[in-house]
Amino acid sequence: MSDRAWLFVYLIVVMILGLVHNELIMLFSIIITMLLGGKARFKIFKKALLVIALFNLSISLSYVIYSFFVSVDISALILINLRAFAITLLTFTLVRRINLHKALEFSKVLAILYGFTYAQIILLKNMLFNYYDGLKSRGAILRSNLRKKQLKPLLTTLFGTMLHKSSEQSMALRSRGLIDD
Amino acid sequence: MHIPDGFISPQTYIPAIAISASLLALAYKKIDLDVEKIPLIAGVSAISFVMMLIAIPFPGGTTMHLSGIAIISLLFGPWIAFSSISLVLLIQALLFGEGGITSYPINIIAMAYVGSFSSYWFYKLFLTRSKNIAIFMAGWSSIFFPSIIIAIVLGIQPLVASDGATPLYFPFGLSVTLPSVVIPHIFIAIVEGLVTLSSVKFLKTHFRSVFSE
Amino acid sequence: MIECKNLSYSYQDFQLNEIEVLKDVSFKIDKGEKVLLLGINGSGKSTLLKLLNGLLYAKSGEFYFRDNLVNKKYLKANSKEFRKSVSLAMQDPSSMLFNPSVYDEIAFGLKHFGFDNIDERVHHYAKKFEIENILKSSPLMLSGGQKQRVLLASLLCVEPEVLLLDEPTAHLDPPTTRWFVEFLDSLDVTALISTHNITQGSELAKRAIVLGSNHQIIYDGEIEAFLEDTPFNDSLLLSR
């Protein structure tokens, strides 16, 4: 099945999971998704769990505390959490299994935009984390948060790099004949 | 502020898909997006993404993450900001699980659209009074108004999608979401406003050839 | 094939300061010649290559390709032909890769410039560059060396007459660098290769054009003679 077809199936399944209110169906979806995850299934499972943990735990705990004061059905939390996990797991499994770039091929502009954005994100993200590491290494910060005077050099580097890279990408599109001279 | 998956009902996200798709189509037209503009949008999207990773100290010993939406909107214009941040929200949802795919249209409307345009309009509104206040208010509004939208969208879930008294998506109503989401964001917005003020002024000076008015 | 006459280039930096990058650069490269472009960081090597690829326009001076003056008018009229004939591989291959898979990346140029038997040609070049096993992969996910191979395959499959290479071995490990040097040697193409790796230079080409810190050409001739005559510490740091 093509990447585009997988993307379409994914969107349909996400819609179904949103419309159905049955814990067993959510569990079934999670099992099928894990099977589709292949060798990386446990890694994806762990990632999905970590990603939803903070928000879901805080909502769930708050609701449990809320139930001491207001009469509510706490079992609602089971469906809510299962649904959140099922959709998140499905999303990460899809992204792992398909070439998202290829799935966007139906639009030349979107496909190139995705590719260039991804490349720039990797470049700038590495720059940011290297900056944190540099400051920590020199004893200027203890954890990865910045003060105002440390923010300015960072923004200068990030914006300068981004503008230069965008200019290079623009030239590359001309060089390879995608943009007319 | 991103809403994760599973907490928004189809009764909410399906109309939101229609609204956000229309806004994106309008943005496509306004920017006149073609192959030539791709590198700029890619760059702005990337820098928005990375700015959201930057952690700054918040009073009380905690940290908060910069949004950067107002910075982008003031430097590049609200339509480019809206398009770029929509792309960033999609990448965040698909690759990093920040924000869900079902809540994506809501996140676009709240953060990308309302965030970009409220900062632009508040800047214009306060410009006659003082440039510094205008930039600060742009930053402040880019956090405050989206938080209201998010609080409302979450808070109406028990009303629009419940099985009797049992909530099927987000379990808390407006009486909980409005104070618990909006009030903290009033203060987060102040920090964002201050960071926006110093960053925009600094970047406009440092990159005069790009951002000159 | 390529002739430059008194090319000069400057640009405005972000703070609106005028920055000189190239000054009165003149040289000729004949068909089939492989020439090294040497210089320290900031001497103008990348800018010169971009000028020769028609991506930038000189502030003064002239650039001729096949005895045609290359300016905006020429490029507008001959864009496709020029882009097919003169290929540039930028220092960062990521900037130039934008297709969803390696296969698509190689096929792009073939389709764009009207080649037939595209599938056959893609596989031929993939085999040549030892990237057949990653044809289905996204270029975004590859290592620096793999990206470099993909880019070279994508550019060379359209059979350009001139190849402009900006630091082509920057992302390559020693075995891949060896492969690249041997591969370039076997190619029948006019090439201008920029590098600041002097020791590698003599393996890539016989002639060197050296840009000094004054942004002018300080040497144009046999690379061996340049390396013998110039003390290492002074070699590219002082203007003449």
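In this text the structure is predicted, and so the values were computed from the model without any measurement. (Residues numbered from 1 in each chain as written. Chains lettered and ligands numbered in written order. Predicted model: local features only at pLDDT ≥ 70, side-chain atom pairs only at ≥ 80, totals over all residues.)

**A word on the environment of Asp34 of chain B**
Residue and element names in this part refer to chain B. Mapped onto the secondary structure, Asp34 falls in the loop between helix 1 (10-31) and helix 2 (38-51). On the neighbour-count criterion, Asp34 (11 C-beta atoms within 10 Å) is exposed. Residues Asp34 and Trp121 lie 87 residues apart in sequence; the distance between their C-alpha atoms is 27 Å. (Helix = DSSP H or I, 4+ residues; strand = E, 2+ residues; numbered from the N terminus. Buried ≥ 20, exposed ≤ 12 C-beta atoms within 10 Å, placed from the backbone.)

**Here we look at the nonpolar core**
Ile47, Ile85 and Leu89 of chain B together with Leu36, Ile106, Ala153 and Leu164 of chain C are the most contacted members of the largest nonpolar core, which totals 178 residues. Among the elements that take part in this core, helix 6 (residues 131-155) of chain B stands out by supplying 13 residues, more than any other. If near-sequence neighbours (up to four positions away) are discounted, Ile47 of chain B is found in contact with Leu124, Leu158, Phe159 and Met162 of chain A. (Core = buried A, V, L, I, M, F, W, Y, C linked by C-beta atoms within 7 Å. Contact = placed C-beta atoms within 7 Å.)

**What about the interface of chain B and chain A?**
Counting residues at the interface gives 48 residues for chain B and 52 residues for chain A. Take the side of chain B that touches chain A: its biggest share by element is 11 residues, from helix 2 of chain B. Of the residues in the side of chain B that touches chain A, the class split is 33 nonpolar, 11 polar and four charged. (Nonpolar A, V, L, I, M, F, W, Y, C, P; charged D, E, K, R; others polar.)

**Notes on the interface of chain A and chain C**
At the junction of the two partners, chain A supplies 22 residues and chain C supplies 23 residues. At the level of secondary structure, the elements contributing two or more residues to the side of chain A that touches chain C comprise helix 5 (100-103), helix 6 (108-137) and helix 7 (148-175) of chain A. No other element matches helix 7 of chain A, which puts eight residues into the side of chain A that touches chain C.

**Points about the sheet that holds strand 1 (residues 2-12) of chain C**
Residue and element names in this part refer to chain C. A sheet is described by the order of its strands in space; here four strands give the open sequence 2-1-4-5, paired in antiparallel fashion. Where the open sheet ends on each side, the last strands, each with one partner, are strand 2 (18-29) and strand 5 (68-69). Bridge count for strand 1 against strand 2 is eight bridges, and the pairing is antiparallel. What sits directly across from Ser10, in strand 2, is Glu20. (Pairing = 2+ DSSP bridges.)

**Examining the packing of helix 7 of chain A against helix 2 of chain B**
At their nearest, the axes of helix 7 of chain A and helix 2 of chain B sit 8 Å apart, and the two run at 155° to each other. Judged by the inter-axis angle, helix 7 of chain A sits roughly antiparallel to helix 2 of chain B. The interaxial crossing formed by helix 7 of chain A with helix 2 of chain B has right-handed handedness. Seen from helix 7 of chain A, the contacting residues are Leu158, Phe159, Met162, Leu163, Lys165, Ser166, Gln169 and Ser170 of chain A; seen from helix 2 of chain B, they are Pro39, Leu40, Ala42, Gly43, Ala46, Ile47 and Val50 of chain B. Here the contact of helix 7 of chain A with helix 2 of chain B is built from residues that sort into 10 nonpolar, four polar and one charged. (Axes fitted to C-alpha atoms, helices over the stretch in contact; angles between N-to-C directions. Parallel < 35°, antiparallel > 145°, perpendicular 65-115°, else oblique. Left-handed = near helix turned anticlockwise from the far one by under 90°.)

**Re unusual backbone geometry**
Residues and elements named next belong to chain C. The backbone of Asn117 shows a phi angle near 50°, a positive value even though the residue is not glycine. The phi dihedral of Glu159 is positive, around 55°, even though this residue is not glycine. With respect to the element layout, Glu159 can be found in the loop between helix 5 (144-156) and strand 7 (162-166).

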